[in-house]
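Structure at a glance
In case you want the letters, here they are:
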Amino acid sequence: MLRDVREWFDGAADGEIRALEDVPGIDPERLRELWCAEPELMLRLDGLHTAAQRAFERRTRAAVTDELLRALRAVARGADVARLETAVALAATRLEADTATAGARGLNTGLTCGIVISPVILLVVFALGEWVPRLFGVGLGCQERLALAGALVCFAGGAMGAVFSVIVRLRDPRQLIRDSPGGSGGPAADPVQLSRALRQEGWYRVVVGWFLATALYLLVAGGILTLLTPPATPAELCGPGPLSADGHGALVRTWFFWAAIGFLAGLNERWARGLLRHPSAAADEAAVPQPDGARRP
């Protein structure tokens, strides 16, 4: 049970990687003949055989490895080489899907972690906002509490906006792999390392949504950005008596306003990621030679 849970998160790629020459049941002399007769096909087979042994899911590892070795043994005994070509093509497709699964699972885990931790951070921040001023003999009044509550609502909206921005771009798993840190797509990428990198990437995007939402809240609430105006200010909501029905309505609309502001700010997490990226990284990526006919997304 624990192993299954661990493999669901971290993948099943472990153990020693075996080369084709070490696989029992294959005549070494016949294997050398196949390398001489079909060098390109055997090179692809060797790469896929290695990639299959570090596949993210254990069932993919076993199925792809068995199919490749079964086809290789059949060709070594005199079967048509077309069977090996078919097995290689099918293995490449399955390993590409396995890599996409690893990336999507890692990113979704990171995003889920960020969403789950967000309410905890909100409670901690609100508690600190109440407790820290008392250390200096200062108590929070009605206006200060409403301002802090508005900031936390905006903060939560930023997390939701960042997650929504990522989910919208998950329609194409191949694009997910190409956009990942160091991910080039295809079975050549290590799916376990890709899953871990995208798990951190998912958490990072939620954090970016937090900071963008908080920054926009400071700009609007501080009067620097006057294009957006909340339905009511803390000064208007805090009075000597209890809130009227209209006051409660204005308070709810204000919270919805700050949540929407945070959500819109979180939607720009991809723009912030590009803004914070070092210019030399883009230049280095553009300088990498591309295969003939390939287009950079």
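What you see is a predicted model; the values in this text were computed from it and never measured. (Residues numbered from 1 in each chain as written. Predicted model: local features only at pLDDT ≥ 70, side-chain atom pairs only at ≥ 80, totals over all residues. Heavy atoms only, no water.)

1. A word on the overall build of the protein chain
Keep this limit in mind: Think of it this way: any DSSP run of H or I at least four residues long counts as a helix, any run of E at least two long counts as a strand, and we number them from the N terminus. In this scheme, a residue with accessible area under 20% of its type's maximum is buried, one over 50% is exposed, and one in between is partly exposed, where area comes from a 1.4 Å probe on protein chains only. Whether two residues are in contact is decided by their heavy atoms: any pair within 4.5 Å suffices. Here, Shrake-Rupley sampling with a 1.4 Å probe gives the accessible areas, and only protein chains in the shown set may cover a residue.
A tally of regular secondary structure across the protein chain gives 12 helices and zero strands. Going residue by residue from the N terminus, the α and β elements of the protein chain occur as α-α-α-α-α-α-α-α-α-α-α-α. Out of the 297 residues belonging to the protein chain, those deemed buried represent 36%. For the protein chain, the proportion of contacts with a sequence separation of at least 24, taken over those separated by at least 6, is 76%. For the protein chain, the exposed surface amounts to about 17200 Å²; the carbon and sulfur share of it is 63%.

2. Things to note about the state of the cysteines
Two cysteines, two sulfur atoms, one covalent bond between them: this is a disulfide. Worth spelling out the cut-off: Throughout, a disulfide means two cysteine sulfur atoms within 2.5 Å of one another.
The full count for this structure, using the stated rule, is one disulfide. Between the sulfur of cysteine 142 and that of cysteine 238 lies a disulfide, 2.0 Å long from S to S. Negative torsions about the S-S bond denote left-handed disulfides, and the value of about -80° found for cysteine 142 with cysteine 238 makes this one left-handed. Residue cysteine 142 is located in helix α6 (residues 142-168), and its partner cysteine 238 is located in the loop between α9 (234-237) and α10 (245-266); the two are separated by 96 residues in the primary sequence. A residue is classified by how much of its surface remains accessible, and cysteine 238, at 18% relative accessible area, is buried.

3. Quick notes on the nonpolar core
The nonpolar side chains of a soluble globular protein tend to be buried with one another. What counts, and what does not: In this text, buried Ala, Val, Leu, Ile, Met, Phe, Trp, Tyr and Cys residues form a nonpolar core when linked through side-chain atoms within 4.5 Å.
The biggest cluster of nonpolar side chains holds 24 residues, and the ones touching the most others in it are Met42, Leu45, Leu68, Leu72 and Leu84. Counting residues per element, the ones that place at least two in this core are α2 (28-37), α3 (39-52), α4 (58-76) and α5 (81-135). If we ignore the near neighbours within four places in the chain, the residues touching leucine 72 are Leu20, Ile26, Leu31, Leu34, Met42, Leu45 and Leu84.

4. Details of the pattern of salt bridges
Defined as follows: By convention in these notes, a salt bridge is any Lys or Arg side-chain nitrogen within 4 Å of a carboxyl oxygen on Asp or Glu.
The final tally for this structure, using the stated rule, is six salt bridges. Measuring nitrogen to oxygen at the nearest pair gives 2.5 Å for the salt bridge that ties arginine 32 to glutamate 29. Separated by three residues within a single helix, arginine 32 and glutamate 29 lie in helix α2, roughly one turn from each other. A salt bridge links arginine 30 to glutamate 33; the nearest nitrogen and oxygen atoms lie 3.2 Å apart. On the criterion of helical spacing, the pair formed by arginine 30 and glutamate 33 is a turn pair, its members being three residues apart in helix α2. Owing to a relative accessible area of 40%, glutamate 33 belongs among the partly exposed residues under this scheme.

5. Topic: the confidence of the model for the protein chain
Note the cut-off: Per residue, pLDDT captures the predictor's confidence, and it can take any value from 0 to 100.
Per-residue pLDDT for the protein chain averages 81, and the proportion of residues at 70 or more is 83%. Low pLDDT, under 50, characterises residues 182-188; the predicted model gives this stretch 13 contacts beyond four residues in sequence or across chains. Contacts of residues 275-297 to residues separated by more than four positions or lying in other chains number nine contacts, the stretch itself having pLDDT below 50.

6. With respect to the packing of aromatic side chains
Applied cut-off: Geometry of aromatic contacts follows a simple scheme: Phe, Tyr and Trp rings, the Trp one being its six-membered ring, pair when their centres are within 6.5 Å, and the pair is stacked under 30 degrees between planes, edge-to-face over 60, tilted otherwise.
Evaluated as defined, the whole model comprises five aromatic pairs. Measuring from centroid to centroid gives 5.0 Å for phenylalanine 155 and tryptophan 210, while their planes differ by 25°, and the two rings are stacked. With a gap of 55 residues between them, phenylalanine 155 in helix α6 and tryptophan 210 in helix α8 (residues 191-221) connect regions that are remote in the sequence. For phenylalanine 155, a relative accessible area of 13% corresponds to the buried category. Judged by centre distance (5.0 Å) and plane angle (70°), the rings of phenylalanine 257 and tryptophan 258 are edge-to-face.

7. Structural notes on the packing of α8 against α10
What counts here: The angle between two axes is taken between their N-to-C directions and runs from 0 to 180 degrees, where each axis is a line fitted to C-alpha atoms and a helix contributes only its stretch in contact. We call two directions roughly parallel when the angle between them is under 35 degrees, roughly antiparallel when it is over 145, roughly perpendicular when it lies between 65 and 115, and oblique otherwise. Take the far helix as your reference; a near helix turned counterclockwise from it by less than a right angle gives a left-handed crossing, and one turned clockwise gives a right-handed crossing.
Where α8 contacts α10, the axes come no closer than 8 Å and their chain directions differ by 130°. In terms of their interaxial angle, α8 and α10 are classed as oblique. Considering the relative orientation of α8 and α10, their crossing is right-handed. Residues Gly209, Leu212, Ala213, Leu216, Tyr217, Val220 and Ala221 of α8 lie in contact with α10, whose contacting residues are Phe257, Trp258, Ile261, Gly262, Ala265 and Gly266.

8. As for a nonpolar patch on the surface
Put simply, the test is: The patches reported here contain residues having more than 30% relative accessible area and no salt bridge. Joining distances are 9 Å for like charges and 5 Å for nonpolar side chains (Val, Leu, Ile, Met, Phe, Trp, Tyr).
Residues Val120, Val124, Leu128, Trp131, Val132, Leu135, Phe136 and Val138 make up a contiguous nonpolar surface patch of roughly 790 Å² in combined accessible area. You can see phenylalanine 136 is positioned in the loop between α5 and α6.

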